[in-house]
Amino acid sequence: MHESNSTQSQNRLLAALPSGEYQRLQPLLTPAELTLGLLLYETEGPVKYVYFPLNSLISLVVPMEDGSAVEVGLVGNDGMSGISALIGESMSTDRAVVQIAGGAVRTSLAVIKEEFSRGGALHDLLFRYMMAHLKLVSQTLACNARHTVEKRLARWLLTCRDRVASDDLKLTQEFIAEMLGTRRATVSGAASALQTEGLIEYRRGNIRILNQQGLEEFSCECYKVVKEESGRLLGQWPQRAKARGRAG
């Protein structure tokens, strides 16, 4: 029981479920260790499992014809992978790859679809999460088109931090460059600028956020816009869900 409660508390979607709904779902959740670079599903491929990250991070990317890929979304302890396959065909609209290794729990897409069809708290919660995710995707696309790479990097690091609840991010410049859709040399220059400002510390394969508030002030408005919208959609959900569970 203690391990079950710990797992629920580490993923905010699961934590928002009323006790009764979580207890029904919990036996169907299997622990999963997500390794760096693990491909969970491919674009237009079948989605068999969905993952609820605990301290890992999943990148949702769109591959291009030249072999490159651009990140359009992130899934961490705030959500669930495979959200695009929840409605309609069980196919993915993007590629899901593990960006930061760590723990997660998983279950089959069929299980989540069945729970979603019940129309209870999980249905409402996943619908709200879907709306928040769409805001993240659209704002990311706008950010990539309008803002400098330094501000985009600051926004992206803050977004990663929020979803793994850690100031230490095990990320390589090569991976960051691919996610931001730019060259490694450009990322190196941007990281150096943030380090010079005393906002981050970069060592090979690891970035440490030294000044979160300063990084937020340096970042473009996109980080704040997405965070506020996610808070509006999901921020008060745990309290509403728990109250609903007590009422039931």
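Draft legend 1. Structural context of the overall build of the chain. Across its full length, the chain holds 11 helices and 10 strands. C-alpha atoms of the chain, sized along the principal axes, occupy 55 × 40 × 30 Å. Relative to its full complement of 248 residues, the chain shows a buried share of 48%. Residue pairs at least 24 apart in sequence account for 74% of intrachain contacts in the chain once pairs closer than 6 positions are excluded. As displayed, the chain offers around 12000 Å² of accessible surface, 51% of which is attributable to carbon and sulfur atoms.

Draft legend 2. The packing of aromatic side chains, seen in detail. Throughout the structure, instances matching the rule amount to 0 aromatic pairs. A cation over a ring is seen here: Arg106 above Tyr49, with NZ or CZ 3.7 Å from the ring centre. Its guanidinium or amino end placed over the ring of Phe218, Lys151 lies 5.1 Å from that ring's centre, counting from NZ or CZ.

Draft legend 3. Broad picture of unusual backbone geometry. Unusually for a residue other than glycine, Glu44 sits at a positive phi of about 60 degrees. On the basis of relative accessible area, Glu44 is assigned to the exposed category, the value being 64%.

Draft legend 4. Expanded view of the sheet that holds strand S6 (residues 95–100). Here we have 4 strands laid out as an open sheet, ordered S2-S6-S4-S5, and antiparallel in their pairing. The sheet is open, and its two borders are formed by strand S2 (39–41) and strand S5 (69–75), each paired with just one other strand. In this sheet, adjacent strand axes meet at a mean angle of 35 degrees when their direction is disregarded. With 6 bridges connecting them, strand S4 (residues 57–63) and S5 associate as antiparallel partners. Bridge pairing in S5 links Ile58 to Val75.

Draft legend 5. Structural detail: the pairing of S4. With 5 of its 7 residues buried, S4 lies for the most part within the structure. Here S4 pairs with S6 via 5 bridges, running antiparallel. Counted as the bridge partner of Ser59 is Val97 from S6.

Draft legend 6. Expanded view of the sheet that holds strand S8 (residues 168–169). Strand order across the open sheet formed by 3 strands is S8-S10-S9, with antiparallel pairing between neighbours. Of all strands in the sheet, those bounded by a partner on one side alone are S8 and strand S9 (200–203). As defined by bridge partners, S8 adjoins strand S10 (residues 206–209) across 2 bridges and the pair is classed as antiparallel. When the sheet's bridge partners are listed, Leu169 is paired in S10 with Ile207.

Draft legend 7. Examining the side chain of Asn11 more closely. Considering the arrangement of structural elements, one finds Asn11 in the loop between helix H1 (2–10) and helix H2 (12–15). You can call Asn11 buried: its relative accessible area is 0%. Here the side chain of Asn11 touches Leu14 through a polar contact of 3.1 Å, landing on its backbone nitrogen. Those residues in contact with Asn11 that sit more than four places away from it in its chain are Phe52, Pro53, Leu54, Gly76, Asn77 and Gly79.

Draft legend 8. Representation of the packing of helix H6 (residues 149–164) against helix H7 (residues 173–180) within the structure. Look at H6 against H7: their axes get within 11 Å of each other, and the N-to-C directions meet at 105 degrees. Taken as axis vectors, H6 and H7 run roughly perpendicular relative to one another. Contacts between H6 and H7 pair Val149, Arg152, Leu153 and Trp156 from the former with Ile176, Met179 and Leu180 from the latter. Residue composition of the contact of H6 with H7, grouped by class: 6 nonpolar, no polar and 1 charged.

Draft legend 9. How the structure looks around the confidence of the model for the chain. Residues of the chain with pLDDT of at least 70 account for 91%, and the chain-wide mean is 86. This model gives residues 237–248 a pLDDT under 50, and the stretch forms 17 contacts once residues within four places in sequence are excluded.

Thresholds, definitions, all that
- Residues numbered from 1 in each chain as written.
- Predicted model: local features only at pLDDT ≥ 70, side-chain atom pairs only at ≥ 80, totals over all residues.
- Heavy atoms only, no water.
- Helix = DSSP H or I, 4+ residues; strand = E, 2+ residues; numbered from the N terminus.
- Buried < 20%, exposed > 50% of the residue type's maximum accessible area, 1.4 Å probe, protein only.
- Contact = heavy atoms within 4.5 Å.
- Areas by Shrake-Rupley, 256 points an atom, 1.4 Å probe, with all protein chains shown as cover.
- Phe/Tyr/Trp six-rings, centres within 6.5 Å; stacked < 30°, edge-to-face > 60°.
- Lys NZ or Arg CZ within 6 Å of the ring centre and 35° of its normal.
- Pairing = 2+ DSSP bridges.
- Axes fitted to C-alpha atoms, helices over the stretch in contact; angles between N-to-C directions.
- Polar contact = N/O pair within 3.5 Å; in protein donor to acceptor, adjacent residues only side chain to side chain.
- Parallel < 35°, antiparallel > 145°, perpendicular 65-115°, else oblique.
- Nonpolar A, V, L, I, M, F, W, Y, C, P; charged D, E, K, R; others polar.
- pLDDT = per-residue confidence, 0-100.

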